[in-house]
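Topology and contacts: notes
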Amino acid sequence: SMQWSTWTCRLGWHVQGVWPNNSDPGYITSVVRSHSHSLCCSADVAGEVKVFPFPIPMPKAIFKSFHGHACALTGAQFTAKDEYL
């Protein structure tokens, strides 16, 4: 099993818990893992940013939710030391 330095893929075993039930394939617009590999963030077309513990292999994972400054978010990124999102 290879350890990647980043994770920005919206699909995969490690991030399957970011997807709401019965969501459209375009609903999640961005996924990014923190540099410490302990958190993951998703952004979606509803303008919501969710922060999860990483990995997120199961549906209905626990997360913290925040609203962005736009209707649909196209991305999010952790700062170099994971202090801000």
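Described in the following lines is the structure provided in the data block. (Residues numbered from 1 in each chain as written. Predicted model: local features only at pLDDT ≥ 70, side-chain atom pairs only at ≥ 80, totals over all residues. Heavy atoms only, no water.)

**Overview of the overall build of the chain**
For clarity, the threshold we go by: Only DSSP runs of H or I with at least four residues qualify as helices, and only runs of E with at least two residues qualify as strands; both kinds are numbered from the N terminus onward. For this measure, only C-alpha atoms enter the radius of gyration; the expected value for a globule follows 2.2 Å times N^0.38, where N is the number of residues. Exposure is judged per residue with a 1.4 Å probe applied to protein chains only, and the accessible area is read against the type maximum: over 50% gives exposed, under 20% gives buried, and values in between give partly exposed. In what follows, residue pairs with any heavy atoms lying within 4.5 Å of each other are defined as contacts. Using a 1.4 Å probe, the Shrake-Rupley method yields the accessible areas, and only the shown protein chains count as cover for residues. A positive count includes Lys and Arg, and a negative count includes Asp and Glu. His and the chain ends are not counted in either. The location of each charge is read from NZ of Lys, CZ of Arg, CG of Asp or CD of Glu.
Counting its regular elements, the chain contains 0 helices and 4 strands. What you see in the chain, going N to C, is helices and strands ordered as β-β-β-β. In terms of overall size, the chain behaves like a compact globule, its C-alpha atoms giving a radius of gyration of 12 Å where 85 residues would be expected to give roughly 12 Å. Projecting the C-alpha coordinates of the chain onto the three principal axes gives extents of approximately 35 × 25 × 20 Å. Counting over 85 residues, the chain shows a buried share of 32%. Within the chain, contacts between residues separated by at least 24 positions form 43% of all contacts whose residues are at least 6 apart in sequence. Accessible area for the chain stands at about 5600 Å²; split by element, carbon and sulfur atoms hold 60% of it. Between the centroid of the 6 positive side chains of the chain and the centroid of its 5 negative side chains there is a distance of 6 Å.

**Things to note about the packing of aromatic side chains**
For the record, the criterion: For Phe, Tyr and Trp, rings pair up if their centres lie within 6.5 Å, where Trp contributes its six-membered ring, and each pair is then called stacked (planes under 30 degrees apart), edge-to-face (over 60) or tilted (otherwise).
Under the defined criterion, the tally for this structure stands at 2 aromatic pairs. Judged by centre distance (6.2 Å) and plane angle (55°), the rings of Trp7 and Phe54 are tilted. In this pair, Trp7 is assigned in the segment before β1 (28–33) and Phe54 in the loop between β3 (48–53) and β4 (64–67), connecting sequence segments 47 residues apart. Take Trp7 and Phe54: they sit in the same class, and that class is buried. On the basis of an interplanar angle of 50° and a centroid distance of 5.3 Å, the ring pair of Phe52 and Phe63 is categorised as tilted.

**A closer look at the state of the cysteines**
Heads up, the rule is: What counts as a disulfide here is a pair of cysteine sulfur atoms lying within 2.5 Å.
One pass over the full model with this rule turns up 0 disulfides. Cysteine Cys40 remains unbridged, with the sulfur of Cys41 as its closest cysteine sulfur at 7.1 Å. Assessed through its relative accessible area of 1%, Cys41 is described here as buried.

**Overview of the nonpolar core**
As a reminder of what qualifies: Definition of nonpolar core: a set of buried residues of the types Ala, Val, Leu, Ile, Met, Phe, Trp, Tyr and Cys, connected through side-chain atoms within 4.5 Å.
Trp7, Val15, Val18, Trp19, Ile28, Val31, Cys40, Phe52, Phe54 and Ile56 together form the largest nonpolar core, which totals 10 residues. If we ignore the near neighbours within four places in the chain, the residues touching Phe52 are Gly17, Val18, Ser38, Leu39, Cys40, Ser42, Ala61, Ile62 and Phe63. Counting 6 residues, the second largest nonpolar core, distinct from the first, contains Cys41, Val49, Leu73 and Phe78.

Without other data, these values stay purely geometric and don't point to any function.
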